[in-house]
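Analysis of the macromolecular model
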Amino acid sequence: MGIDLSVSFTGLRFANPFLLASAPPTESESNIMHAFAAGWGGVVTKTIGLHPVVNVAGPKTKFLRFFGDGATISMNRGRQGVLHSSWNWELISDKPLDWWLPRIERIKKAFPSRVLVASIMAGSGSDKELEHWRTLARSCQEAGADALELNLSCPHMDRPDMGSNIAKDLGLCSVVTQAVKEVARVPVWAKLTPATSDIVLEAGAVFRGGADAVSSTNTFPSLPLVDPQSLEFEMNVDGYVSSGGLGGPAILPLSLAKMAQMTRAFPDKAFSGIGGVSEFAHALNYFLLGCGTVQVGTAAMLDRAVGPSVLKRLVAGYGEFLERQAHRGWQSLEDFRGLLRDRVVAQSQIRRPDQAGYQGGYEPQEGYAEPDPAPSPRD
Ligand SMILES: Cc1cc2nc3c(=O)[nH]c(=O)nc-3n(C[C@H](O)[C@H](O)[C@H](O)COP(=O)(O)O)c2cc1C
């Protein structure tokens, strides 16, 4: 019997739990068509808004890599190094809603059983702005979107009522989610920012607003490094830079920490894990913490724009994992989802050695000075 990798998430059936995140891989009709042809279980479109969008002059994204012995980390030394992260200051889609709608329709006609999630964003400072959320939601679902993901988390917005500034405000989290839920006939996912002190609060706020799932996380606020020769930021326009977003391998453990907080607080809610996934072993972390799907951004960008090889590895890795675990009777994600959720506990709950076994400072350990010689009986 063939292995069934399909999952059900917020009432939708996915051929597999691997989605392309809202990012350049999902910025166009041709990309999304290629992604579905490659086998991705779903895609989240590049975020669609109603306000005019003009990106900065020059590159919008660069990739930070380790070179040589790892002492050099740079965005500007070619592609041979080992990937550390992506850094971007790309805004949401610069294509208007009218550009997107016929394309969503055509994609859904070509791939009716693949899940297309429309990522949407508007302001939140007035009733007019809240109505923009509803307009975006109505239009995308009428065009055939299977779900909506609310971008409450874009890190590069100056407007105080937009992007990650929404997810930093508990009231706005609930109000925006509620406004969309008033008109939504499809599941609504809310994408949160990692740039707050307690993401559990924002998750609670969007769930109170009616969100069907939380997606986490968006990129982490960060700066490009300074080039020690030129004394310029490695990414800049006319010498200036602004805070952008870090994605890719570097954020996997950071994003997992955020996810663990939320899945422990809301074990019965749905979560889509994002951040640093390029292999099944990475995705597995999110599943064991309780996520029902994962999303991939950076890794797909670096693999022929839509990640066909990444997807192949994720699917193969998942299939092999299920085969290896067959003796436990695991046949689907539901059989192991959340298995390690309750293993993340307060530090005070971690066992201490008993008095006899306590070596405090004497065990040899990487990163610490050589242990002192054991005291001689005469000392
Ligand atoms: C160049 C770039 C553009 C992005 N644009 C969006 C966007 O329009 N909307 C959104 O919700 N997230 C956006 N993201 C964030 C990704 O969806 C994802 O949350 C983040 O990159 C972390 O995943 P990763 O480590 O797999 O890259 C963007 C990321 C990158 C690298």
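Our subject is the structure listed above.
Now for a look at the structure at hand. (Residues numbered from 1 in each chain as written. Predicted model: local features only at pLDDT ≥ 70, side-chain atom pairs only at ≥ 80, totals over all residues. Heavy atoms only, no water.)

Overview of the pairing of strand E6 (residues 61–67)
We apply this condition: When accessible area is computed with a 1.4 Å probe and restricted to protein chains, residues below 20% of their type maximum are described as buried, those above 50% as exposed, and intermediate ones as partly exposed. A helix here means a DSSP run of H or I that spans at least four residues, while a strand means a run of E at least two residues long, and both kinds are numbered starting from the N terminus. Note: two strands are recorded as paired if DSSP finds a minimum of 2 bridges between them.
The element E6 is largely enclosed, with a buried count of six among its seven residues. As defined by bridge partners, E6 adjoins strand E8 (residues 82–88) across six bridges and the pair is classed as antiparallel. Of the residues in E8, the one forming a bridge with leucine 64 is serine 85. Of the pairings in the sheet, the one linking E6 to strand E7 (residues 72–74) comprises three bridges and is antiparallel in character. Of the residues in E7, the one forming a bridge with phenylalanine 67 is threonine 72. With antiparallel pairing between neighbouring strands as the criterion, E6 and E7 make up a hairpin whose turn holds four residues, including glycine 68 at a positive phi of roughly 55 degrees.

Quick look at the site of the ligand
The condition that has to hold: We call a residue near a given molecule or strand whenever any one of its heavy atoms falls within 4 Å of it. Residues adjacent in sequence count toward polar contacts only when both atoms are side-chain atoms; beyond that, a polar contact is any pair of N or O atoms within 3.5 Å, and within protein one must be able to donate a hydrogen and the other to accept it. The Shrake-Rupley method, run with a 1.4 Å probe, gives the accessible areas here. Residue values count only the displayed protein chains as cover. Residue type decides the class: Asp, Glu, Lys and Arg count as charged, Ala, Val, Leu, Ile, Met, Phe, Trp, Tyr, Cys and Pro as nonpolar, and the leftover types, Gly among them, as polar.
In the vicinity of the ligand, 25 residues are found, and the nearest of them are Ser22, Thr47, Gly248, Gly276 and Thr298. Asparagine 151 places a polar side-chain atom, nitrogen or oxygen, 3.2 Å from a nitrogen atom of the ligand. Contacts to the ligand include glycine 297, whose backbone N or O atom sits 2.9 Å from an oxygen atom. Taking 610 Å² as the accessible area of the ligand by itself, protein coverage stands at 98%. In terms of residue class, the shell around the ligand is made up of seven nonpolar, 15 polar and three charged.

Structural notes on the sheet that holds strand E13 (residues 220–222)
Put simply, the rule is: Fitting a line to C-alpha atoms yields each axis, with helices limited to the stretch in contact; the angle taken between N-to-C directions then spans 0 to 180 degrees.
The five strands lie next to each other as E7-E6-E8-E14-E13, forming an open sheet whose pairing is antiparallel. The sheet terminates laterally at E7 and E13, the two strands that pair on one side only. With strand direction ignored, the average angle separating the axes of adjacent strands in the sheet is 30 degrees.

With respect to the pattern of salt bridges
Opposite charge on two side chains lets them pair, provided their charged atoms get close. The condition that has to hold: Any Lys or Arg side-chain nitrogen found within 4 Å of a carboxyl oxygen on Asp or Glu counts as a salt bridge.
By the definition in use, this model includes 15 salt bridges. Here glutamate 90 ties to lysine 46 by a salt bridge, and the two come within 2.5 Å at their closest N and O atoms. With glutamate 90 in the loop between E8 and helix H2 (97–110) and lysine 46 in the loop between strand E4 (42–44) and strand E5 (48–49), this residue pair connects regions lying 44 residues apart in the sequence. Residue glutamate 90 is classed as buried on the basis of its relative accessible area of 8%.

Quick look at the nonpolar core
For soluble globular proteins, nonpolar side chains are generally found buried alongside one another. Condition: Here, nonpolar core means buried Ala, Val, Leu, Ile, Met, Phe, Trp, Tyr and Cys residues that are tied together by side-chain atoms lying within 4.5 Å of each other.
Ranked by internal contacts, the top residues of the largest apolar core, which has 95 residues, are Phe18, Trp133, Cys140, Leu152 and Phe336. With seven residues, the top contributor of residues to this core is helix H8 (residues 280–289). In this structure, Leu64, Met75, Trp87 and Ile251 belong to the second largest nonpolar core, which totals eight residues.

Focus on the packing of aromatic side chains
So the rule is basically this: By convention, a stacked pair of Phe, Tyr or Trp rings (six-membered ring in the case of Trp) has centres within 6.5 Å and planes under 30 degrees apart, an edge-to-face pair has planes over 60 apart, and any other such pair is tilted. Charge-over-ring contacts are defined here by two conditions on Lys NZ or Arg CZ: a distance within 6 Å of the ring centre and an angle within 35 degrees of the ring normal.
As enumerated under the stated definition, the model contains 18 aromatic pairs in all. Pairing phenylalanine 9 with phenylalanine 14 gives two aromatic rings, centres 6.4 Å apart and planes at 70 degrees, and the pair type is edge-to-face. Taken as a pair, phenylalanine 9 and phenylalanine 14 share a single burial class, namely buried. Every member of this aromatic cluster is reached through a ring pair, and the members are Phe18, Phe280, Phe287, Tyr318, Phe321, Trp330 and Phe336. Over the ring of tryptophan 99 we find lysine 95; its NZ or CZ atom is 5.3 Å from the centre of that ring.

Some words on the packing of helix H3 (residues 127–143) against helix H5 (residues 170–183)
Our working definition: In this scheme, roughly parallel covers angles under 35 degrees and roughly antiparallel covers those over 145, while 65 to 115 is roughly perpendicular and the rest are oblique. Each crossing gets its handedness from the near helix: less than a right angle anticlockwise from the far helix is left-handed, clockwise is right-handed. By the convention used here, residues are in contact when the closest approach between their heavy atoms is within 4.5 Å.
At a minimum axis separation of 9 Å, H3 and H5 run at an interaxial angle of 40 degrees. As the angle between them shows, H3 and H5 are arranged oblique. The way H3 lies across H5 gives a crossing that is right-handed. Within the contact between the two elements, H3 uses Leu130, Trp133, Arg134, Ala137, Arg138 and Gln141 and H5 uses Val175, Val176, Ala179, Val180, Glu182 and Val183.

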